[in-house]
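Take a look at the letters that make up each chain.
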Amino acid sequence: MSDAVRSHRPARRSARPIAGRALPGGRVADRLSIPSARILALLDAIPDHVEPAPESIAEGKQTLLITFRRDGSRVATPVWAAREAGIVYVRTQRPSGKVKRVRREPRVLLAPCSTRGVPAGPSVTARARLLGPAEEASAERALRRGYGLIRAACALVQDLLRVDMCYLEIVLDDAARAGDGEPATG
């Protein structure tokens, strides 16, 4: 098999997505989580003197991903995220609003949060991008290590339903990375 063909193998061997397919009844998680406006109000209530702790991003079960609409308003979504070598990885449905917003505006905010999305600390700024097929393997490995069997089961269901999934790579801004023990580039 040539390198060109091998490099485009999906990160999950069982994945055979149908373009544009989302989970049926995809808003179930939205009904269980706290509304985005309330999450953002809780995030805004964190005192200004509290310093963001980049090392706490993607350390818990959920991370708050905040994307921006065209009008500049924020949309908060709790996501499963894994961190490897200072990069945060997220797997999500390709037709989701957060993917559309990241394609248009790569600037995002990340904050630690509870499983329901309640912020557990202030946000840090970052830049997100959609990974290409050849880049997905490292994201898949990081997420597999971070979440184990429960994530494997969820991912298998998504693969069986042929949901169109993708990976986001989120890189913390230089100031946040400098606080994370990584050198700031300037």
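What you see is a predicted model, and the numbers here were worked out from it, not measured in a lab.

1. A few points about the overall build of the protein chain
Then step 1. Scanning the protein chain for helices and strands turns up six helices and seven strands.
Then step 2. For the protein chain, the sequential pattern of α-helices and β-strands runs α-α-α-β-β-β-β-α-β-β-α-β-α.
Then step 3. Looking at the protein chain as a whole, 39% of its 186 residues qualify as buried.
Then step 4. For the protein chain, the proportion of contacts with a sequence separation of at least 24, taken over those separated by at least 6, is 73%.

2. Quick look at the pairing of strand S3 (residues 81–84)
Regular strands place their side chains on alternate faces of the sheet.
Then step 1. Where S3 and strand S4 (residues 87–93) come together, four bridges link them in antiparallel fashion. Along S4, the bridge assignment pairs Ala-82 with Tyr-89.
Then step 2. Joining the antiparallel neighbours S3 and S4 is a turn of two residues, in which Ala-85 adopts a positive phi near 55°.

3. Considering the confidence of the model for the protein chain
Then step 1. Per-chain confidence: the protein chain averages 80 in pLDDT, with 77% of residues scoring 70 or above.
Then step 2. Throughout residues 1–8 the model reports pLDDT below 50, and contacts reaching past four residues in sequence, or to other chains, amount to six contacts.
Then step 3. In the model, residues 179–186 has pLDDT below 50 throughout and makes 11 contacts with residues more than four positions away in sequence or in other chains.

4. As for the packing of aromatic side chains
For any pair of aromatic rings, the description rests on two quantities: the centre-to-centre distance and the angle between the ring planes.
Then step 1. Taken as a whole, this structure holds one aromatic pair when the rule is applied.
Then step 2. Here Trp-80 and Tyr-147 contribute two aromatic rings whose centre-to-centre distance is 4.9 Å and whose plane-to-plane angle is 10°, an arrangement assigned as stacked. Taken together, the residues Trp-80 in the loop between strand S2 (74–79) and S3 and Tyr-147 in helix H5 (residues 136–160) connect sequence positions 67 residues apart.
Then step 3. Residue classification places Trp-80 among the partly exposed positions, given a relative accessible area of 28%.
Then step 4. If you follow Arg-107 out to its NZ or CZ, it ends over the ring of Phe-68, 3.8 Å from the centre.

5. Re the pairing of strand S6 (residues 124–130)
Then step 1. Bridge count for strand S5 (residues 107–113) against S6 is four bridges, and the pairing is antiparallel. Looking at S6, one finds that Val-108 is bridged to Ala-126.

6. Here's the deal with the pattern of salt bridges
Once the charged atoms of two side chains with opposite charge are near each other, the side chains can pair.
Then step 1. Scanning all chains against the criterion turns up nine salt bridges.
Then step 2. Arg-91 is paired through a salt bridge with Asp-159; the nearest N and O atoms lie 3.4 Å apart. One end of the pair, Arg-91, is in strand S4; the other, Asp-159, is in helix H5, and 68 residues separate them in sequence.
Then step 3. Owing to a relative accessible area of 4%, Asp-159 belongs among the buried residues under this scheme.

7. Details of the sheet that holds strand S1 (residues 62–68)
Then step 1. Overall, antiparallel pairing links the seven strands, which are arranged S2-S1-S5-S6-S7-S4-S3 in an open sheet. The outermost strands of the open sheet, each flanked by one partner alone, are S2 and S3. Strand-to-strand, the axes of this sheet are offset by a mean angle of 35°, without reference to chain direction.
Then step 2. Two elements, S6 and strand S7 (residues 165–172), share five bridges in a ladder whose sense is antiparallel. In the strand pairing of S7, Arg-127 is matched with Val-171.

About the cut-offs
Residues numbered from 1 in each chain as written. Predicted model: local features only at pLDDT ≥ 70, side-chain atom pairs only at ≥ 80, totals over all residues. Heavy atoms only, no water. Helix = DSSP H or I, 4+ residues; strand = E, 2+ residues; numbered from the N terminus. Buried < 20%, exposed > 50% of the residue type's maximum accessible area, 1.4 Å probe, protein only. Contact = heavy atoms within 4.5 Å. Pairing = 2+ DSSP bridges. pLDDT = per-residue confidence, 0-100. Phe/Tyr/Trp six-rings, centres within 6.5 Å; stacked < 30°, edge-to-face > 60°. Lys NZ or Arg CZ within 6 Å of the ring centre and 35° of its normal. Salt bridge = Lys/Arg side-chain N within 4 Å of Asp/Glu carboxyl O. Axes fitted to C-alpha atoms, helices over the stretch in contact; angles between N-to-C directions.

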